[in-house]
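An overview of the molecular structure
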Amino acid sequence: MLRLRHFLDEHCENADISGIIDGLMVACKDIAYRLHMGSLAGVLGSAEQENVQGECQKKLDVISNDLIKACLKGMPQVKGLASEEEPDPVACNESGRYLVLFDPLDGSSNIDVNVTVGTIFSVLEAAEGADGAHEQSYLQAGQRQVAAGYVLYGPSTLLVFSTGNGVHAFTLDPRIGEFVLQRRDIQVPATTKEFAINMSNQRFWLPEMQAYVADLLKGEEGPLGKRYNMRWIASMVAEIHRILTRGGIFMYPYDSREPNKPGKLRLMYEGNPMSMLIEQAGGKASTAFENIMEIEPTAIHQRVSVVMGSAEEVDNALRYHA
Ligand code: AHG
Ligand code: MN
Ligand code: MN
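Computed from a predicted structure; not experimentally measured. (Residues numbered from 1 in each chain as written. Chains lettered and ligands numbered in written order. Predicted model: local features only at pLDDT ≥ 70, side-chain atom pairs only at ≥ 80, totals over all residues. Heavy atoms only, no water.)

With that out of the way, let us pick up the nonpolar core. Core analysis: the largest hydrophobic core is formed by 42 residues, its most contacted members being Met25, Leu72, Phe121, Tyr153, Leu159 and Phe161. Examining the composition of this core, we find that 10 residues originate from one element, helix H2 (residues 15-37), more than from any other. Every residue in contact with leucine 72, bar those within four places of it in the chain, is listed here: Leu24, Val78, Leu81, Cys92, Asn93, Val100 and Phe102. Formed by 39 residues, the second largest nonpolar core is a distinct cluster that contains Ile243, Phe250, Ile278 and Met308. (Core = buried A, V, L, I, M, F, W, Y, C linked by side-chain atoms within 4.5 Å. Buried < 20%, exposed > 50% of the residue type's maximum accessible area, 1.4 Å probe, protein only. Helix = DSSP H or I, 4+ residues; strand = E, 2+ residues; numbered from the N terminus. Contact = heavy atoms within 4.5 Å.)

Below, the structure written as structure tokens:
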């Protein structure tokens, strides 16, 4: 049994980054406990307020955000934080070198129906003299992430992360309250017969995406020559975890419902951290037109179109967009 702390000691040379990942798990264990208690903890339902992106917040979006925020504010390594649920970045400790960005609860439409949700995080190094309260400090391409990961709250609670040296998974052992190593150096299978996309948006996609998905649906009679299966959990953490485990392609492409937004998902809290994990595991992550992690962000809450997963299947999708 290898505990997270010991794995980090042996595996991650940067003690500050180890401390951030380990420290974040204090909040994530608390979130896991509250999710587990569900209605008994009075945490289900809507918070009856909107976040900065105009989305209706769930009580647990707010609770999770507050728990992670309090946790990060207590870490000397952390200069500032940015959250999907916060309008502006928040300064933490002036002497800290790192910026932590997070989606406190991903897939929150699943909370009230007792389906898997997650927490996603991304760590950047602050530039010399950067201000933790200033949006500009956070506008770095995904390639500059020094760590990324997620905690999945499912039948078991898992931590999956990368510090740029492979992707590793840990299971929370509730008997001892510690994450223990489940699998190291995860690799995404290069080929797959499984895709994930919200088909209800089909008519709003670009013609290129419509053509690709139409061919997926043609199965062995179509140009892709195989019969595909489909999954849609509406929780990116759960979809990416499935893909890291058995391969697949996950897409939330541009659609014309909100034509001015490049996509639904957020670049800094969802696109970049998940791209780092997928690429570290040998998969690919693209907008369909460019590598997600090469995008130079212009706003902290900016959106992105997402096509990621098994390398050969992402290549198939990209051929339709070339
Ligand atoms: P969040 O709960 O943080 O707002 O993110 C939900 C995201 C993502 O996890 C999921 O893949 C997608 O939104 C689901 O969207 P639809 O409800 O449009 O299918
Ligand atoms: Mn999310
Ligand atoms: Mn969220």
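The domains assigned to the protein are domain 1 (4-183) and domain 2 (194-320). Taking only C-alpha atoms into account, the centre of domain 1 sits 23 Å from that of domain 2. Counting from both sides, the interface comprises 49 residues of domain 1 and, opposite them, 31 residues of domain 2. For the pair domain 1 and domain 2, the summed buried area comes to about 2900 Å², and 61% of that belongs to carbon and sulfur atoms. It is Gln53, Leu139 and Tyr150 in domain 1 that bury the most area against domain 2; as a group they hold 18% of the surface buried on that side. Across the domain 1-domain 2 interface, the total number found is 2 salt bridges. Here arginine 266 and glutamate 84 are joined by a salt bridge, their closest N and O atoms 3.5 Å apart. Along the contact surface separating domain 1 from domain 2 lie 17 residue pairs in polar contact (both at pLDDT 80 or more). The set of elements that each furnish at least two residues to the side of domain 1 that touches domain 2 consists of strand S3 (78-83), strand S5 (98-106), strand S6 (117-125), strand S7 (145-153) and strand S8 (157-162). No other element matches the 8 residues that S7 contributes to the side of domain 1 that touches domain 2. For the side of domain 1 that touches domain 2, the per-class residue count stands at 23 nonpolar, 19 polar and 7 charged. (Domains from an automatic or database assignment. Buried area = accessible area lost by both parts, 1.4 Å probe. Salt bridge = Lys/Arg side-chain N within 4 Å of Asp/Glu carboxyl O. Polar contact = N/O pair within 3.5 Å; in protein donor to acceptor, adjacent residues only side chain to side chain. Nonpolar A, V, L, I, M, F, W, Y, C, P; charged D, E, K, R; others polar.)

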